[in-house]
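This is what each chain is made of:
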Amino acid sequence: AVVSTQSTGEHLALGLTAVVPLMALSKIIQIKTNFVNGHTGQLSFVTSLLNAFGTLARLFTILQEIDDLLILANCTTVFALNAMIVMQFLVYWNVVPPKEKAQ
């Protein structure tokens, strides 16, 4: 059998579609953990802010250069979740996490 090394548009769409739920799940778990704990713990504000700005820049680039709704939906989802994590930093900015009990 001959195996093609070139990806088709269908393979690309399948890959992009599969990535969205996995990425969203990881961000949603982080958002829920922050909410349940009432603080962001050791999560880095700078890294989260740069992630949000990076996805915002990617979103503007996609809007200008690419006419693909699947890629646009993927990037919009990533941006919204990254922005939500940044918002949690602002909400929990002065919250001090409780010390863990010594065992």
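Remember, it's a predicted structure, so these values are computed and weren't measured experimentally. (Residues numbered from 1 in each chain as written. Predicted model: local features only at pLDDT ≥ 70, side-chain atom pairs only at ≥ 80, totals over all residues. Heavy atoms only, no water.)

Examining helix H2 (residues 45-65)
Consideration 1: Its 21 residues give H2 an end-to-end C-alpha distance of 30 Å, which sits within 8% of 30 Å, the value for a rise of 1.5 Å per residue.
Consideration 2: Taken residue by residue, H2 has Ser-48, Ala-52, Thr-55, Leu-59 and Ile-62 as its buried positions. Burial along H2 is one-sided: seen end-on, the buried residues are contained in an arc of 85 degrees. Turned more than 90 degrees from where H2 packs its buried face, Val-46, Leu-50, Phe-53, Phe-60, Gln-64 and Glu-65 sit exposed. (Helix = DSSP H or I, 4+ residues; strand = E, 2+ residues; numbered from the N terminus. Expected span 1.5 Å × (residues − 1). Buried < 20%, exposed > 50% of the residue type's maximum accessible area, 1.4 Å probe, protein only. Arc of directions from axis to C-beta.)

Brief notes about a nonpolar patch on the surface
Consideration 1: A contiguous nonpolar patch, built from Met-87, Leu-90 and Trp-93 and spanning about 360 Å² of accessible area, is present on the exposed surface.
Consideration 2: By the element assignment, Leu-90 lies in helix H3 (residues 69-91). (Patch = residues over 30% accessible without salt bridge, like charges linked within 9 Å, V, L, I, M, F, W, Y side chains within 5 Å. Areas by Shrake-Rupley, 256 points an atom, 1.4 Å probe, with all protein chains shown as cover. Salt bridge = Lys/Arg side-chain N within 4 Å of Asp/Glu carboxyl O.)

So, the confidence of the model for the protein
Consideration 1: With 89% of its residues at a pLDDT of 70 or more, the protein shows a mean pLDDT of 86.
Consideration 2: H2 holds the highest mean pLDDT among the elements of the protein, 94, whereas helix H1 (residues 9-37) holds the lowest, 86. (pLDDT = per-residue confidence, 0-100.)

Some points on the environment of Tyr-92
Consideration 1: With respect to the secondary-structure elements, Tyr-92 resides in the segment after H3.
Consideration 2: Residues Tyr-92 and Gly-38, spaced 54 residues apart in sequence, show a C-alpha to C-alpha distance of 6.9 Å.
Consideration 3: In contact with Tyr-92, other than residues within four places in its own chain, are Asn-34, Phe-35, Gly-38, His-39 and Thr-40. (Contact = heavy atoms within 4.5 Å.)

With respect to the packing of aromatic side chains
Consideration 1: For the structure shown, the criterion picks out two aromatic pairs.
Consideration 2: Arranged with centres 5.3 Å apart and planes meeting at 70 degrees, the rings of Phe-45 and Phe-89 form a pair that is edge-to-face. Here Phe-45, found in helix H2, pairs with Phe-89, found in helix H3; they are 44 residues apart in sequence, far enough to count as distant.
Consideration 3: A residue is classified by how much of its surface remains accessible, and Phe-89, at 5% relative accessible area, is buried.
Consideration 4: Seen from their ring centres, Phe-45 and Trp-93 are 5.2 Å apart, and the 80 degrees between their planes marks the pair as edge-to-face. Of this pair, Phe-45 sits in helix H2 while Trp-93 sits in the segment after H3, and the two are 48 residues apart along the sequence. (Phe/Tyr/Trp six-rings, centres within 6.5 Å; stacked < 30°, edge-to-face > 60°.)

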